[in-house]
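Descriptive analysis of the structure
Residue strings, one per chain:
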Amino acid sequence: RGKKAYCSWACRYGNRPSKVEVACHTCGKKFLRFRSLVRNRQYCSKACRVVGMFARLAGGARTGIEIRMAEALHHAGIPYQEQVLLCNRFLVDFLLPSNIVVQCDGLYWHDRPTVIARDRGQDSYLTNAGYTVLRFTDTQIDHDLGGCITTIQRSLGR
């Protein structure tokens, strides 16, 4: 059939090691990986892979309501960080001082039963971790952005 028989792995492939050392794309930890499985991004664990995926998503385009909220926070003089990964599990829209999380929810996606349940679970987890979660819909942001900022300022104690 044209297949050649070899007495060992070493005879077939020479003295190359079957595994090579690679560095985790997220944490930098060194680990061994089969040569055939080496790709662009390598992760040492599932947790690091999730963090890496969230980090790549954070570099994506912002939605219109996120842009409007960022501008309003800036004009109100409220310091914030955008697209922050919290607890190695959740990518939040804005993180403010005093551990306040602001989420901007478009009703097209966030009004679905599965997404509502996911958002409640996320809010519960973050609340138990010491964060205050404020969610604003696209309707609130489009029609009452001043009211959203007032709610945020009250939460900050201003």
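To be clear, the structure that these remarks concern was listed above.
Report follows, based on the coordinates. The residue numbering used here restarts from 1 in each chain and proceeds along that chain's sequence as written. Local features are withheld for residues below a pLDDT of 70 in this predicted model, meaning they are given only at 70 or higher, and side-chain atom pairs are given and counted only at 80 or more; totals for whole chains, interfaces and linings count all residues. Side-chain metrics in this entry use all non-hydrogen atoms of the structure; hydrogen atoms and water are not considered.

1. A look at the sheet that holds strand E5 (residues 100–105)
The strand order across the open sheet built from four strands is E3-E4-E5-E6, with neighbouring strands paired in mixed fashion. Two strands close off the open sheet at either side, each with one partner strand: strand E3 (81–86) and strand E6 (132–137). Mean inter-strand twist for the sheet, computed between neighbouring axes without regard to direction, equals 45 degrees. By this definition, two strands are paired if DSSP reports at least two bridges between them. A run of H or I in DSSP counts as a helix once it spans at least four residues, and a run of E counts as a strand once it spans at least two, with each numbered from the N terminus. Summarising the sheet, E3 and strand E4 (residues 90–96) pair through five bridges and their orientation is antiparallel. Note that in E4 the partner of Glu-82 across the bridge is Phe-94. Contacts from helix H7 (residues 145–156) reach E4, E5 and E6 within the one sheet, and its direction differs from that of E6 by about 175 degrees. In this description, a line fitted to the C-alpha atoms serves as the axis of each element, helices being fitted only across the stretch in contact, and the angle between N-to-C directions of two axes falls anywhere from 0 to 180 degrees. We call two residues in contact when some of their heavy atoms are within 4.5 Å.

2. Re the pairing of E5
A simple rule labels every residue: compare its accessible area, found with a 1.4 Å probe on the protein chains alone, to the largest value its type can have, and call it buried under 20%, exposed over 50%, or partly exposed in between. Of all six residues making up E5, six are buried, and the element is well covered by its neighbours. By the alternation rule, side chains of E5 split into Ile-100, Val-102 and Cys-104 and Val-101, Gln-103 and Asp-105, which are all buried. Pairing of E4 with E5 involves three bridges; the strand directions are antiparallel. Residue pairing for E5: Leu-96 is matched across the bridge by Ile-100. In this structure, the hairpin formed by E4 and E5 is closed by a connection of three residues, where Ser-98 is found at a positive phi of approximately 65 degrees. Note: E5 against E6, six bridges, orientation parallel. Residue pairing in the sheet places Val-102 in a bridge with Leu-134 of E6.

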